[in-house]
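Each chain, written out:
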Amino acid sequence: MSDVRSDLVLSQSVHSHVINAPLGKVDLAKWLLSLPDAEYQRCAPPDHVAAGATTTDDGRPMSVNVEMIGTGLVIQHYVGDITGRDHCRMVSLSDVFTPTGRTRVQVIWELSAKRIDDDHCEYTNSVTAHPTEEFLAFLKEHDTSFEQAAQDRQAASSDHNSRETPLFAGSIERAALAV
């Protein structure tokens, strides 16, 4: 039931913010996979609940994040598809706990940094969610249209991303300048 419906987009949000550090000092993968729990929480209060890094059984890097998106408590199990200094693509089959029950969605989180000049770069935080077959059955069971669910998720995700992106950029900047 957790087959991902990549042909459907539940939400998509992209926000950017300037980092006052040279691109050469930024290491997104190192930052993400060593982000302290308290720092993660500071990057989107009160939405961010907890974060930690681990690996999959086969050794791929993984970031586990717990956060509120709208009215849902989301447990992200982000597995590193790309984990580079200036680009990370993390893919999660995420557990979502809603007021009406539990379901799952796929979330793709892309973090990237590009050079602006010798002393600045631009951080882009992109989050795309796709429904699973389980999620679509959950909607049907609760007499909710996909269009309504997508509209609600889009609003919540965009709001969340607009608040976390500048705070993530500040955290990445501090990490870059600390080396």
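Since we're looking at a predicted model, the values are computed, not measured.

### Topic: the state of the cysteines
As enumerated under the stated definition, the model contains zero disulfides in all. Between Cys 88, a free cysteine, and Cys 121, which holds the nearest cysteine sulfur, the sulfur-to-sulfur gap is 13 Å. We classify Cys 88 as buried; its relative accessible area is 1%. Exposure remark for Cys 121: the relative accessible area of 0% places this residue in the buried category.

### Digging into the pairing of strand E3 (residues 61–69)
Pairing of strand E2 (residues 48–55) with E3, which is carried by seven bridges, proceeds in the antiparallel orientation. Looking across to E3, one finds that His 48 is bridged to Glu 67. With antiparallel pairing between neighbouring strands as the criterion, E2 and E3 make up a hairpin whose turn holds five residues, including Gly 59 at a positive phi of roughly 95°. Between the end of E3 and the start of strand E4 (residues 72–83), which pair antiparallel, lie two residues, with Gly 70 showing a positive phi angle near 65°.

### Re helix H3 (residues 133–141)
Buried within H3 are the following residues: Glu 134, Phe 135, Leu 136, Phe 138 and Leu 139. Summarising the contacts, the buried residues of H3 are in contact with strand E5 (87–98), strand E6 (101–117), strand E7 (120–131) and helix H4 (146–178).

### Some words on unusual backbone geometry
The omega torsion across Pro 45 and Pro 46 is -5°, close enough to zero to call that bond cis. Of note in this structure, Asp 143 is not a glycine but carries a positive phi near 50°. Considering the arrangement of structural elements, one finds Asp 143 in the loop between H3 and H4. Under the relative-accessibility criterion, Asp 143 is labelled exposed at 75%.

### Some remarks on empty space enclosed by the protein
Enumeration over the complete set of coordinates arrives at one cavity of 30 Å³ or more. Lining the largest cavity are 15 residues, with Glu 67, Tyr 78, Val 127, His 160 and Glu 164 sitting closest to its centre. No other element matches H4, which puts six residues into the lining of the largest cavity. By residue class, the composition of the lining of the largest cavity is six nonpolar, six polar and three charged.

### Remarks on the nonpolar core
Counting 38 residues, the largest nonpolar core has Leu 10, Ile 19, Val 26, Leu 28, Trp 109, Leu 111 and Tyr 123 as its most contacted members. Elements supplying a minimum of two residues to this core: helix H1 (28–33), E4, E5, E6, E7, H3 and H4. The dominant element in this core, judged by the number of residues it contributes, is H4, at eight residues.

### Description of the side chain of Asn 161
Relative to the helices and strands, Asn 161 resides in helix H4. When residues no more than four places from it in sequence are discounted, the contact partners of Asn 161 are Ser 13, Val 14, His 15, Asn 125 and Val 127.

### Considering the layout of surface pockets
Put simply, the largest pocket is a space of about 450 Å³. Its residues assigned to classes, the lining of the largest pocket shows eleven nonpolar, eight polar and two charged. Taken as a whole, the second largest pocket holds about 200 Å³ of empty space. Every residue lining the second largest pocket is counted, 15 residues in all, and those nearest its centre are Asp 27, Lys 30, Ala 175, Ala 176 and Val 179. Going through the elements one at a time, H1 and H4 are the ones with two or more residues in the lining of the second largest pocket. Per element, the largest residue contribution to the lining of the second largest pocket is four residues, and it comes from H4. In terms of residue class, the lining of the second largest pocket is made up of nine nonpolar, two polar and four charged.

Conventions and cut-offs
Residues numbered from 1 in each chain as written. Predicted model: local features only at pLDDT ≥ 70, side-chain atom pairs only at ≥ 80, totals over all residues. Heavy atoms only, no water. Disulfide = S-S within 2.5 Å. Buried < 20%, exposed > 50% of the residue type's maximum accessible area, 1.4 Å probe, protein only. Pairing = 2+ DSSP bridges. Helix = DSSP H or I, 4+ residues; strand = E, 2+ residues; numbered from the N terminus. Contact = heavy atoms within 4.5 Å. 1 Å grid on protein atoms, 1.4 Å probe; cavity = no way out; pocket = protein on both sides within 12 Å on 5 of 7 lines; lining within 4 Å. Points joined across faces, edges and corners; volume = space filled by probe spheres on them. Nonpolar A, V, L, I, M, F, W, Y, C, P; charged D, E, K, R; others polar. Core = buried A, V, L, I, M, F, W, Y, C linked by side-chain atoms within 4.5 Å.

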